Amino acid sequence: MSKTENRDHKDTVIEQFSKQAIPFAKLPGHGHMDAMQMLMDMASVTDSSTVLDVACGPGLVACEFAMKAKHVTGIDITPAMIEKAKQLQEEKGLSNMTWDIGDVLPMPYDDN
């Protein structure tokens, strides 16, 4: 994929997910507690864990992890999704979170 095609694709992704930010933030399947608890159990999150949620969307999973983890960072390419994530963080009163807007290819974080 050329740089122009890649930029056009990225712009399309951002445009489409910006339109979906509000409905996506309210999807019952993403917030279903049984599935969320299973995810947390499988990840073995503890109060000393540092979590990275890639393509975090509106922050549903990241905020759940932040209730138990030491720190959670969420990254998403769509600014509207990050705005919803920040709103959810504020609603839940969580202070141990960082939000980044960006592409994850290449991943802008250190390994591990």
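Refer to the structure above for everything that follows.
Rules used throughout
Residues numbered from 1 in each chain as written. Predicted model: local features only at pLDDT ≥ 70, side-chain atom pairs only at ≥ 80, totals over all residues. Heavy atoms only, no water. Helix = DSSP H or I, 4+ residues; strand = E, 2+ residues; numbered from the N terminus. Buried < 20%, exposed > 50% of the residue type's maximum accessible area, 1.4 Å probe, protein only. Contact = heavy atoms within 4.5 Å. Areas by Shrake-Rupley, 256 points an atom, 1.4 Å probe, with all protein chains shown as cover. Salt bridge = Lys/Arg side-chain N within 4 Å of Asp/Glu carboxyl O. Core = buried A, V, L, I, M, F, W, Y, C linked by side-chain atoms within 4.5 Å. Pairing = 2+ DSSP bridges. Right-handed = clockwise from strand over helix to strand, strands pointing away.

Visitor: Would you mind going over the overall build of the chain with me for this structure?
Guide: Helices and strands together make up the secondary structure of the chain, namely five helices and three strands. Sequence-ordered secondary structure for the chain, helices as α and strands as β, is α-α-α-β-α-β-α-β. Considering the chain as a whole, with its 112 residues, one finds that 31% of them fall into the buried category. Sequence-distant contacts, at least 24 apart, represent 62% of the contacts inside the chain between residues at least 6 apart. For the chain, the exposed area adds up to about 7300 Å²; of that, 54% sits on carbon and sulfur atoms.

Visitor: How should the environment of Val51 be read in this particular structure?
Guide: Tracing the sequence through the fold places Val51 in strand β1 (residues 50-54). Put simply, Val51 and Ala66 are 15 residues apart on the chain and 8.2 Å apart in space, counted from C-alpha to C-alpha. Each residue touching Val51, except ones within four places of it in the same chain, is listed here: Val45, Phe65, Ala69, His71, Val72 and Thr73.

Visitor: Would you mind going over the pattern of salt bridges with me for this structure?
Guide: Note on pairing: side chains with opposite charge can pair once their charged atoms come close. Counted according to the given criterion, the structure contains two salt bridges. Two residues, Lys92 and Glu64, come together in a salt bridge whose shortest N-O distance is 3.7 Å. Highlighted residues: Lys92 in helix α5 (residues 79-92) and Glu64 in helix α4 (residues 60-66), separated in sequence by 28 residues. Residue Lys92 is classed as partly exposed on the basis of its relative accessible area of 36%. The salt bridge involving Glu83 is made with Lys86; its shortest N-O contact spans 4.0 Å. Highlighted residues: Glu83 and Lys86, both in helix α5, separated by three residues, approximately one helical turn. In this structure Glu83 comes out as partly exposed when scored by relative accessible area, which is 42%.

Visitor: Help me out: how do you make sense of the side chain of Thr73 in this one?
Guide: Assignment of secondary structure puts Thr73 in strand β2 (residues 71-76). Take Thr73: its relative accessible area is 12%, and that puts it in the buried class.

Visitor: Even after reading the chapter, I still don't get the nonpolar core, so can you show me in this structure?
Guide: Grouped together as the largest cluster of nonpolar side chains are 17 residues, with contacts concentrated most on Val45, Val51, Cys63, Phe65, Val72, Met97 and Trp99. Sorting the residues of this core by element identifies α4, α5 and β3 (97-101) as the ones contributing at least two each. The element that contributes the greatest number of residues to this core is α4, accounting for five residues. Excluding anything up to four places from it in sequence, Val72 contacts Val51, Ala62, Phe65, Ala66, Asn96, Met97 and Thr98.

Visitor: Hey, could you run me through the pairing of β1 in this one?
Guide: For a regular strand, side chains alternate in direction, first toward one face of the sheet and then toward the other. Only one face of β1 is buried: it carries Val51 and Asp53, and the other face, with Thr50, Leu52 and Val54, is open. Here five bridges tie β1 to β2, and the two strands are oriented parallel to one another. Counterpart to Leu52 in the pairing with β2 is Thr73. Once the chain exits β1 it traverses α4 before rejoining the sheet at β2, and the crossover so formed is right-handed.

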